[in-house]
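Survey of secondary and tertiary structure
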Amino acid sequence: MTMANRLGEVSDCSSPTEMCLLRTDGPTGKTRPMDLHFTGLSVSVGKRALLNEVSGVVQPGEILAVMGPSGSGKTTLLNAISGRLPLESGTIHLNGELLNKKLRRKICYVLQHDVFFPDLTLKQTLVYTALLRLPESMSYNDKMQHVNHIIEILDLQRCQDTIIGDGLRRGLSGGEKKRANIACELLTNPALLLLDEPTSGLDSSTAHSLMTTLKNYARQENKTVVLTVHQPSSQIFYMFDRLLLLCNGQTAYFGDTKKVVDFFKHIGLPIEPHYNPADFILEQVKGTAETQGRIITAYRETRSDPDLAEQLLMAVGVGGTTSTSTIYENYLDGLHASNLDPAQPPSPTADYTCQGNEWHLTSPSSPTRSVELRLTIEKGVPCVYNKITKEEEDSGRSSWSDNQSHASHSTQASSGCHSSPAEFHWDESTKWPTSFWTQFKVLSRRNFTVTRPRMLSRLNWIQTLGLGLMSGLLWFRVDRKEETLTNIQGWMFFSTTYWMLFALFGALSSFPSEQEVIKKERQSGAYRLSAYYMAKMVGELPLIITLPAVYHIISYPMLAVDFFSPGTFVIQLGFLLLNTVVAQSAGLFIGAACMDLEVSITISALYTLASQLFGGFLSTSIPAWMEWMRYFSLVHYAFQNMQIVEFNPNSPVRCAEKNSRFDACVNGANEIPPDAILAASGGTGFPLWANTLLLLSFLFVFRILGYMVLRYFRRPR
Ligand SMILES: Nc1ncnc2c1ncn2[C@@H]1O[C@H](COP(=O)(O)OP(=O)(O)OP(=O)(O)O)[C@@H](O)[C@H]1O
């Protein structure tokens, strides 16, 4: 399909709110409508049951609202359906197929809290999400068109260049953030959309407008939507097709939203006139233990009625007193309207058998095509599946799929307005939507964009320029003689120590500040942790070395006016930067391991101060039993190497005229031998290459430890 064709299809849609989204039924588009059927879900933590035998079903094009008082288990239910919580018992089926890793890709979960990088604009956020979560087979242009399309659908054009913002910086409004949150998830064209309290924190008109958008989306794109909601207005309440009412983790009602008031009336709890039904039912389930018991028992009795099948079918709006054969006929009519060849209408005369509460009905509509219907009642919830026709089996769609209510949506599906500039070609054989290399590239770029304002902030520039000038002036044109030897060493020690502290403490908050976003993205299977980690290391490298390099460029030439050597200058810079990167690695590791800023600051303060004490400048006579601690000092090796480079025979340091502390000087030499300077500085005495190797080892060990912590101890659940 050409781009022009695709755009042509989009232009069929008359307005953004018509929600013309993605082709879902094309031969390559794999996001076909999905019904959700969960049965007897029980979840416990310790001895406490959070969910107890909760069941429900929702069809494509419908919205199932999960309501209940605070703490009744709404979020727990969504977590369970999304596969993020282990079930004690119960099953979750999508189109009759048990929930598995592959199917989880078709589910998106919009969290209650809006989790974003606050410094990115809305458009940048969506573009990075699209580049990470849309399949590799889509071109860049298609992905960008798709982003624009989603922005249009959710009516976010006006704020697309506004930063997301947070408590400190103003950015998107609450309603815009909710839409942005939903937009991020809609990008992947999910079949099942789970939303945890999408309207919380919104005023009634914004909440209504958001719900209208969702309703249109579900209807016109034939998507299945499950959402939790607290206290909707009556207008919003009646937008829900089905309602699942929870009370202390148990089902108080499941069925048609319009019938819930009748249900309550039937059990002796009539609603007063002009009362918001949502408020009314919530008040009842929040009532006394006796009222709660009455509601739950009444609902259970409905489920154990001898004429269960008819009642339940009625609850899902299938048929009331309709016989199963009529259901089947209606069902086939629906299929005929949407999928089957009009020239070959399916035969309404079907064979059907009934075993217990499971019906099997088969009807050939042509020699090569047959349709089979299965109706089961599992734990009180009816589920109507159609078995794939023979032709569809050939194209790989051979599981049980769709159901009775498909008929009611077929007209919408066939009414046009169901294509976008993009098509999806999910590669089902791979776990990730994009390759490692793509993930690495996109995440490096994003990391650079997100981290730059923090690391290269105006204040950091002022601090660096100020300190560079101050240290340059303090040690300006320092003389190269024994009396001023400690000044030269002091500059080197100060430089390595300062940048160690800067990098280590700066890195402490790096993982903790990102962890919520990363957790959300990892839970949705957007990328590998290794790609994120590598990208973070690489993306931040230019940022972490910029300021120390500027400092060195200002400060060292001022110090070394009389003995400046370009070679020494460059090598000194190299060790200063290497030490800074090592310190950053230590900070990243400590930050990841602790995640609690106060704890990590305490540990870091202890380690960095010990590193200074044992660095070889502040104390040159370390007690023998503490000498081993020098080997763990973060500044020791770089400080040693800077001295090795600085104090070389080509640039000698003159002996003191009297009372020299160096034997060579006392014995008549004019210049202090470099080895004597190093020996007197309390170092380990390792050569340059050994110190460099040890610095690199520190770097790798801290980086590997940081990865292990994220991989095994910070795994999102
Ligand atoms: N990991 C857990 N350990 C112990 N209790 C938990 C855990 N997770 C949830 N709960 C408890 O389970 C109950 C249901 O929690 P859930 O978040 O599902 O409620 P909710 O209906 O979504 O509430 P709200 O409307 O306030 O968000 C609450 O009482 C909560 O304290």
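Residues numbered from 1 in each chain as written. Predicted model: local features only at pLDDT ≥ 70, side-chain atom pairs only at ≥ 80, totals over all residues. Heavy atoms only, no water.

Sheets are built from strands that pair by backbone hydrogen bonding, the pairs being arranged parallel or antiparallel. Within the open sheet, the 6 strands sit side by side as β6-β7-β8-β3-β9-β10. Their pairing is mixed. At either end of the open sheet lies a strand with only one pairing partner, and these are β6 (107–110) and β10 (250–256). Between one strand axis and the next, the sheet turns through 15° on average, direction left out of account. Here strand β3 (residues 63–67) pairs with strand β8 (residues 224–228) via 4 bridges, running parallel. Residue A65 lies in a different strand from β8, and its bridge partner there is L227. (Pairing = 2+ DSSP bridges. Helix = DSSP H or I, 4+ residues; strand = E, 2+ residues; numbered from the N terminus. Axes fitted to C-alpha atoms, helices over the stretch in contact; angles between N-to-C directions.)

A few words on the site of the ligand. In the vicinity of the ligand lie 13 residues, with R48, S70, T75, T76 and H230 positioned nearest. The contact in question runs from an oxygen atom of the ligand to an N or O atom on the side chain of S70, over 2.5 Å. Here an oxygen atom of the ligand sits 3.2 Å away from a polar atom, N or O, in the main chain of S72. Surface burial for the ligand is 61%, taken as the share of its 640 Å² of free accessible area covered by protein chains. Secondary structure elements with two or more residues in the shell around the ligand: β2 (48–58) and α2 (74–81). Among the residues forming the shell around the ligand, the class breakdown is 3 nonpolar, 7 polar and 3 charged. (Near = heavy atom within 4 Å. Polar contact = N/O pair within 3.5 Å; in protein donor to acceptor, adjacent residues only side chain to side chain. Areas by Shrake-Rupley, 256 points an atom, 1.4 Å probe, with all protein chains shown as cover. Nonpolar A, V, L, I, M, F, W, Y, C, P; charged D, E, K, R; others polar.)

Phi at N189 takes a positive value of approximately 55°, unusual for a residue other than glycine. For N189, the location among the structural elements is in the loop between α6 (174–186) and β7 (192–195). You will see that N659, though not glycine, has its phi angle at about 55°, which is positive. Relative to the assigned elements, N659 resides in the loop between β15 (653–654) and α24 (663–666).

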